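The chain contents come next:
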Amino acid sequence: MLPVIPLNYLAILVGVLANVVIGFLWFGPIFGKVWMKEMGYENMEPDTKSMMKSMGIMIVGSFLTAYVLAHSLFVWKPSSWNLPGDGPAWMYGAYAAFYIWLGFYIPMLLGSVAWESRSWKLFFINAGYNLVSLAAIGQILAVWPA
């Protein structure tokens, strides 16, 4: 029998919003020029239709990330296994975010370096964004329980 995992959909939506804001800042004023150069986009002017489509896809991906992270976060808590000793909520958000980043995001990004000839600079920009984004979503979900 599968456990019943309580989900706070408002916290998930706030996590999605946080991810969009972090992405805007990360790939805009913080690392935007370097990222565009590493991607080969420095001389391209994006059209509005393509940008809206990309933004929609990113929001769907952000929702899936927050939704799955909410499930993973629940499993990290000892009380979900009927064990005593829950620690501070932020700790579970940090653990869940870090291990999802390490086990799923980093291997995919390493694949882009190994097989797509992407640069290590691009790897670190993308890996940093994913870590910061997952950490933010993890903290929102952890401190704002269902």
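About the criteria used
Residues numbered from 1 in each chain as written. Predicted model: local features only at pLDDT ≥ 70, side-chain atom pairs only at ≥ 80, totals over all residues. Heavy atoms only, no water. UniProt positions renumbered as here; feature names shortened; annotations may be inferred. Helix = DSSP H or I, 4+ residues; strand = E, 2+ residues; numbered from the N terminus. Expected span 1.5 Å × (residues − 1). Buried < 20%, exposed > 50% of the residue type's maximum accessible area, 1.4 Å probe, protein only. Arc of directions from axis to C-beta. Contact = heavy atoms within 4.5 Å. Polar contact = N/O pair within 3.5 Å; in protein donor to acceptor, adjacent residues only side chain to side chain. Axes fitted to C-alpha atoms, helices over the stretch in contact; angles between N-to-C directions. Parallel < 35°, antiparallel > 145°, perpendicular 65-115°, else oblique. Left-handed = near helix turned anticlockwise from the far one by under 90°. Nonpolar A, V, L, I, M, F, W, Y, C, P; charged D, E, K, R; others polar. Core = buried A, V, L, I, M, F, W, Y, C linked by side-chain atoms within 4.5 Å. Phe/Tyr/Trp six-rings, centres within 6.5 Å; stacked < 30°, edge-to-face > 60°.

Visitor: Quick one: what's the story with the UniProt feature "transmembrane region" (unreviewed entry) in the protein, residue by residue and with numbers?
Guide: As recorded in UniProt, the feature "transmembrane region" (unreviewed entry) lies at residues 12-35, 56-76, 96-115 and 122-144. The span residues 56-76 shows a helical share of 100% and a strand share of 0%, and its end C-alpha atoms are spaced 30 Å apart. For residues 96-115, the helix share is 100%, the strand share is 0%, and the end-to-end C-alpha distance is 28 Å.

Visitor: Can you break down helix 1 (residues 9-30) residue by residue, with the values?
Guide: For helix 1, spanning 22 residues, the distance from its first C-alpha to its last is 30 Å, which sits close to the expected 32 Å at 1.5 Å a residue. All buried positions along helix 1 are accounted for by Ala11, Ile12, Gly15, Val16, Ala18, Asn19, Ile22, Gly23 and Trp26. Looking straight down helix 1, one finds that the buried residues subtend no more than 165° of arc, so they occupy a single side. Exposed residues on helix 1 whose side chains face more than 90 degrees from its buried face are Leu10, Leu13, Leu17, Phe24 and Pro29. For helix 1, the elements touching its buried residues are helix 2 (32-39), helix 3 (48-76) and helix 5 (120-143). Two or three places before Leu10, at the opening of helix 1, Asn8 has a side-chain oxygen 3.1 Å from that residue's backbone nitrogen.

Visitor: Kindly report on the side chain of Ser133, identifying the contributing residues and their values.
Guide: For Ser133, the position within the fold is in helix 5. When near neighbours in sequence (up to four residues on either side) are disregarded, Ser133 contacts Asn19 and Ile22.

Visitor: Account for the packing of helix 2 against helix 5, with residues named and values stated.
Guide: When two helices pack together, their arrangement is captured by the angle between the axes and the distance separating the axes. The geometry of helix 2 relative to helix 5 is characterised by a closest axis approach of 10 Å and an angle of 130° between their N-to-C directions. Classed by the angle they form, the pair helix 2 and helix 5 counts as oblique. The two elements helix 2 and helix 5 meet at a crossing, and its hand is left-handed. For the pair helix 2 and helix 5, contact is made by Val34, Trp35, Glu38 and Met39 and by Lys121, Leu122, Ile125 and Asn126, respectively. For the contact of helix 2 with helix 5, the class distribution of residues is five nonpolar, one polar and two charged.

Visitor: Can you tell me about the nonpolar core, naming the residues and giving the values?
Guide: In terms of nonpolar packing, the biggest core is built from 25 residues, with Leu69, Leu134 and Leu141 touching the most fellow members. Where this core is concerned, the elements lending two or more residues are helix 1, helix 3, helix 4 (89-116) and helix 5. With nine residues, helix 4 is the single largest residue contributor to this core. With near-sequence residues (within four places) excluded, Leu134 lies in contact with Thr65, Leu69, Ala97, Ile100, Trp101 and Tyr105.

Visitor: Before we move on, can you summarise the packing of aromatic side chains with the specific residues and values?
Guide: Enumeration over the complete set of coordinates arrives at 11 aromatic pairs. Summarising the aromatic geometry, the rings of Trp120 and Phe123 are spaced 5.2 Å apart at their centres and angled 75° between planes, so their arrangement reads as edge-to-face. Of the two residues, Trp120 and Phe123 both sit in helix 5, three residues apart, roughly one turn of that helix. Relative accessible area serves as the criterion here: at 46%, Trp120 is assigned to the partly exposed category. Among the residues examined, Phe123 registers a relative accessible area of 7% and is labelled buried. Both rings, one in Phe123 and one in Phe124, keep their centres 5.0 Å apart while their planes meet at 85°; by these two values the pair is edge-to-face. You can call Phe124 exposed: its relative accessible area is 55%.

Visitor: Give me the lowdown on unusual backbone geometry, citing residues and values where you can.
Guide: For Ser117, which is not glycine, the phi dihedral falls at a positive 60°. On the basis of relative accessible area, Ser117 is assigned to the exposed category, the value being 68%.

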